[in-house]
Amino acid sequence: MKIASWNVNSLNVRLPQVLDWLAQAQPDVLGLQETKLTDEKFPTDAIREAGYEVVHAGQKTYNGVAVLAKAPITDCAFDIPGFEDPQRRVVAATIGGLRLINLYVPNGKAVGSDKYDYKLAWLEHLRGWLRDELGRHERVAVVGDFNIAPGDDDVHDPAEWHEQILCSTPERQALAGLLALGFTDSFREFDQPEKTFSWWDYRMNNFKRNRGLRIDLILTSPALTHALETSVVDAEPRAWERPSDHAPVVAEFATP
DNA sequence: ATGGTCGCGCTGCGA
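Residues numbered from 1 in each chain as written. Chains lettered and ligands numbered in written order. Predicted model: local features only at pLDDT ≥ 70, side-chain atom pairs only at ≥ 80, totals over all residues. Heavy atoms only, no water.

Please give an account of the overall build of chain A that cites residues and values.
What chain A contains, in helices and strands, is five helices and 12 strands. Expected size for 256 residues packed as a compact globule is a radius of gyration near 18 Å; at 17 Å, chain A falls within 12% of this value. For the C-alpha atoms alone, the extent of chain A along its principal axes is close to 45 × 45 × 40 Å. Expressed as a percentage of its 256 residues, the buried residues of chain A come to 56%. Pairs at least 24 apart in sequence give 69% of the contacts found in chain A among residues at least 6 apart. Surface exposure of chain A reaches about 11,200 Å², of which carbon and sulfur atoms provide 49%. Counting 27 positive and 38 negative side-chain charges, chain A places the averaged centre of each group 4 Å from the other. (Helix = DSSP H or I, 4+ residues; strand = E, 2+ residues; numbered from the N terminus. Rg over C-alpha atoms; globule rule 2.2 N^0.38 Å. Buried < 20%, exposed > 50% of the residue type's maximum accessible area, 1.4 Å probe, protein only. Contact = heavy atoms within 4.5 Å. Areas by Shrake-Rupley, 256 points an atom, 1.4 Å probe, with all protein chains shown as cover. Lys, Arg positive; Asp, Glu negative; His and termini not counted. Charge placed at Lys NZ, Arg CZ, Asp CG, Glu CD.)

So this is what it looks like as structure tokens:
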């Protein structure tokens, strides 16, 4: 089974690229972030014609998350329980024996800002929910744009980013708190090329210079970690014409 | 050089 996550930065703009990528990569499940569409404007027909079921939690202009899957999607949730939020950042869904939680974690803007406080509060509530989900499901994948680089290996220039947003100690501790529940950053289960990133700012030719961060993650529960076969970043779509600023991340695992 | 690029949607905000 192949699962993937991609922050598309507007599905309106990126739909052709998503369809191309689905055709070439053939994931069984794909979590999208930053669709920036209301549910009414979601391109359900085009996605279905590509062979995927879909659920979407969208809003106008900002945020928006979706799960695409070749098999039927059941047991959906669109909020962290007890943390209702008008910002559409969460879709949980069951696909066969897989529990998928697709996230668009708040960016946080700047350390110490109101948005930063919201990010940390959001992550704290997320941790309680993921603990419950781990108790209910064996095979859980938490995918998405985490807006946190787990470690300095995930940063093109750790000195430049030292204690900056996406890299600050409280953010990394919040992520470590999720891993402490039993989740694994699947990417680090395998040997990887150095300086592998998943997001590059549009400005300053950062992609060409590989000035990026790895902030798009696939976390796996113990049973899923045991079944892992690969976990990679597919940087190819970042080099396409008019790209998202994020690349898809992909993990494969054996099915029982 | 204290900027720079996108997307949304129409003025500046969010990333």
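Explain the pairing of strand E8 (residues 140-145) residue by residue, including any values.
Across the six residues of E8, six count as buried, placing the element largely inside the fold. By the bridge criterion, six bridges tie strand E7 (residues 98-104) to E8 in an arrangement that is parallel. Its bridge partner lying in E8, Asn 102 is registered against Val 143. Crossover connection from E7 via helix H3 (residues 114-136) to parallel E8: handedness right-handed. Sheet analysis places E8 next to strand E10 (residues 216-220), joined by five bridges and oriented antiparallel. (Pairing = 2+ DSSP bridges. Right-handed = clockwise from strand over helix to strand, strands pointing away.)

Please provide a residue-by-residue account of the protein's contact with DNA strand B, values included.
Taken together, the neighbourhood of DNA strand B is formed by 16 residues, with Ser 10, Arg 14, Lys 60, Thr 61 and Arg 203 sitting nearest. Among all atoms of DNA strand B positioned within 4 Å of the protein, those belonging to sugar or phosphate total 71%. The side chain of Arg 14 places a nitrogen or oxygen atom 3.1 Å from a phosphate oxygen of DNA strand B. Contact distances for DNA strand B include 3.1 Å between a phosphate oxygen and a side-chain N or O atom of Lys 60. Considering each element in turn, the surface near DNA strand B owes the most residues, three residues, to helix H1 (residues 11-25). (Near = heavy atom within 4 Å. Polar contact = N/O pair within 3.5 Å; in protein donor to acceptor, adjacent residues only side chain to side chain.)

A description of the packing of H3 against helix H4 (residues 169-179) should follow, citing residues and the corresponding values.
The N-to-C vectors of H3 and H4 enclose an angle of 10°; their axes lie 9 Å apart at closest approach. Taken together, H3 and H4 sit at an angle that is classed as roughly parallel. Seen from H3, the contacting residues are Tyr 116, Lys 119, Leu 120, Leu 123, Leu 126, Arg 127 and Leu 130; seen from H4, they are Pro 170, Glu 171, Ala 174, Gly 177 and Leu 178. In terms of residue class, the contact of H3 with H4 is made up of eight nonpolar, one polar and three charged. (Axes fitted to C-alpha atoms, helices over the stretch in contact; angles between N-to-C directions. Parallel < 35°, antiparallel > 145°, perpendicular 65-115°, else oblique. Nonpolar A, V, L, I, M, F, W, Y, C, P; charged D, E, K, R; others polar.)

Explain the nonpolar core residue by residue, including any values.
Among the nonpolar cores identified, the biggest contains 28 residues, and Ile 3, Val 29, Val 67, Ile 95, Leu 98 and Leu 100 are the most heavily contacted of them. Excluding its chain neighbours within four sequence positions, the residues that come into contact with Ile 95 are Met 1, Val 29, Val 67, Ala 69, Ala 71, Pro 72, Ile 73 and Leu 100. (Core = buried A, V, L, I, M, F, W, Y, C linked by side-chain atoms within 4.5 Å.)

Tell me about unusual backbone geometry, and name the residues and values.
In this model, Asn 9 sits at a positive phi of 50°, which is unusual for a non-glycine residue. Overall, the relative accessible area of 14% leaves Asn 9 in the buried class. Positive phi is not limited to glycine here, since Asp 75 has a value of about 50°. Looking at where Asp 75 falls in the secondary structure, it is placed in strand E5 (residues 73-77).

Before we move on, can you summarise the side chain of Asp 145 with the specific residues and values?
Mapped onto the elements, Asp 145 comes out in strand E8. The buried charged residue Asp 145 lacks any salt bridge, with Arg 89 as its nearest oppositely charged partner at 7.5 Å. A polar atom in the side chain of Asp 145 sits 2.9 Å from the side chain of Asn 7. From its side chain, Asp 145 meets the backbone nitrogen of Asn 147 in a polar contact 3.0 Å long. Not counting residues within four places of it along the chain, the set of residues in contact with Asp 145 comprises Ser 5, Asn 7, Gln 33, Leu 103, Tyr 104, Val 105, Ile 215, Asp 216 and His 246. (Salt bridge = Lys/Arg side-chain N within 4 Å of Asp/Glu carboxyl O.)

Could you give an account of the pairing of strand E6 (residues 90-95), naming the residues involved and the relevant values?
For E6, the tally of buried residues reaches six of six residues, placing the bulk of the element in the interior. Inspection of the sheet shows E6 paired to E7 by six bridges, in the antiparallel sense. From the neighbouring strand, Ala 92 faces E7, where its bridge partner is Ile 101. The turn linking E6 back onto E7 is made up of two residues, and Gly 96 within it adopts a positive phi angle of 60°.

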